[in-house]
Each structure stands twice: as structure tokens, then as C-alpha cells.
Amino acid sequence: MKTTADIGILILAAGASTRMGSPKQLLPWKHTTLLGNAIEQAEKVSQHVKVVLGANSALIQEQLKNRAIGIINDDWQKGMGASIAFGVSEMLKTKGYDGILIMLADQPFVDAAYLTKLMHCFKNESYKIVGTNYDKGVGVPAVFHSTVFTELQQLHEDYGARKLMKSYRQELLGIDANGKTVDVDTKEAYDNLIHKKAKPK
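Each value, and the rule that gives it
- Residues numbered from 1 in each chain as written.
- Predicted model: local features only at pLDDT ≥ 70, side-chain atom pairs only at ≥ 80, totals over all residues.
- Heavy atoms only, no water.
- Pairing = 2+ DSSP bridges.
- Helix = DSSP H or I, 4+ residues; strand = E, 2+ residues; numbered from the N terminus.
- Axes fitted to C-alpha atoms, helices over the stretch in contact; angles between N-to-C directions.
- Contact = heavy atoms within 4.5 Å.
- Buried < 20%, exposed > 50% of the residue type's maximum accessible area, 1.4 Å probe, protein only.

Student: I'm lost on the sheet that holds strand S1 (residues 7–13) in this one. Help?
Tutor: The strands that make up a sheet pair up through hydrogen bonds in the backbone, lying either parallel or antiparallel. Here we have seven strands laid out as an open sheet, ordered S5-S4-S1-S6-S8-S7-S9, and mixed in their pairing. Pairing within the sheet leaves two strands with one partner each, and these edge strands are strand S5 (69–72) and strand S9 (172–175). Averaged over all adjacent pairs, the angle separating strand axes in this sheet is 30°, with direction ignored. Pairing of S1 with strand S6 (residues 99–104) involves six bridges; the strand directions are parallel. Bridge pairing in S6 places Leu12 opposite Leu104. Across the face of the sheet, helix H1 (residues 34–43) comes into contact with S1, strand S4 (49–53) and S6 while running at roughly 175° to S1. Each of S1, S6, strand S7 (129–134), strand S8 (137–145) and S9 is contacted by helix H4 (residues 112–124), which is oriented at about 60° to S8, the strand it contacts most.

Encoded structure:
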């Protein structure tokens, strides 16, 4: 059991939003933006939150202000795996963690309650990875144990951490998010969310 686990949170927000046509990180959501909402939820459950930026980093950093520490991945074009590797490496430069929770900036229904659920399972169970169930397997948001950090730092392709998670299937716990992982990739998807056509189940 890891009842006193120290968990940092890494928010991935480095993409160019090519399908959206504009930086989706800055799309309005409630009283803030998609990224601002992700930061708010993360900061409710951890004092150690960093955001990986890449495309449009100057514009996005302007909006971040002092809400979270933005770290810029110059190799963001290489994909999500590269951003994870960069982000984990940067987080470990200043502090050691028992676990790091990796989440996305474009899943606005992922809230503090769900992040708390992931962290609680990680702290109280003996799994190296506690992630989120999807139709095709387990993905992020997910908490990774410190023994997996080296492998996270070695990711370099655009498949994120899914392949790594599959290799730990015997030490992996998948949690149902009950519809909270709806993401925003296109203008149509965003409009659907804004007009309440897509809600958490």
C-alpha cells in the first residue's frame, strides 16, 4: 500500500490542434479555457502540476500566467510519446515522486473527483499503473509508479504510453471514467460539447 504517496501531475498540451484550426487549449470552457480547466482540476488534488507546451507556446503561456508551470518541448512535433518523455524528465529535475499522473488538456469532463479516484486507487493498491478504461484498452489519465519513470522517459513515438501500459498488463488497473473522457479534437466536437449534445453518462 502507498497511502502517503507523493503524486505530481503532468498535463499534455503541446499539440498544434491541426484538426481544430486554432489552439484548442485556449478554447473557452466555463469561466476559463480547456487548458485552464484542466489546470484547475489538477491543482485541486496536487501541489505539483506542470504543463507540457509546444505549438503556440508563447500564446498559451501568456494565458497560463501563474496558474501552473509551463515547460516547453521543442520536439513536440514528434508526438505525444516525446512530450511525455520530456515532461517526466523535467518534473524529476526538481523533485522526486512516488507517482506521476499524466492527463490531457482536451478532456474537459475529467474533474478533480475522477483524478482523486485514480490517485486513491494508486495509493491503496499494489499496481504500478492505474489508468482509464477505453474500448481499445487502458490509457490516460493514468498514474505511473516511480519504477516506470525510466521507461516513460524513453518514449519517443506518437503512441503515447499505451504500448508501455500493455507491457505492464499484469500490474495495471483500469478504472471506468463513466463518460468523462470525451475529448475535443474538432470544431464539431467542441460545438457539440458547448451545446450539451455530448455529456458524461
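Student: Is there a simple way to explain the pairing of S1 in this structure?
Tutor: When a strand is regular, its side chains alternate between the sheet's two faces. With seven of seven residues buried, S1 is to be regarded as a mostly interior element. Of the two faces of S1, both are covered, the one formed by Ile7, Ile9, Ile11 and Ala13 as well as the one formed by Gly8, Leu10 and Leu12. Here five bridges tie S1 to S4, and the two strands are oriented parallel to one another. Bridge pairing in S4 places Leu10 opposite Lys50.

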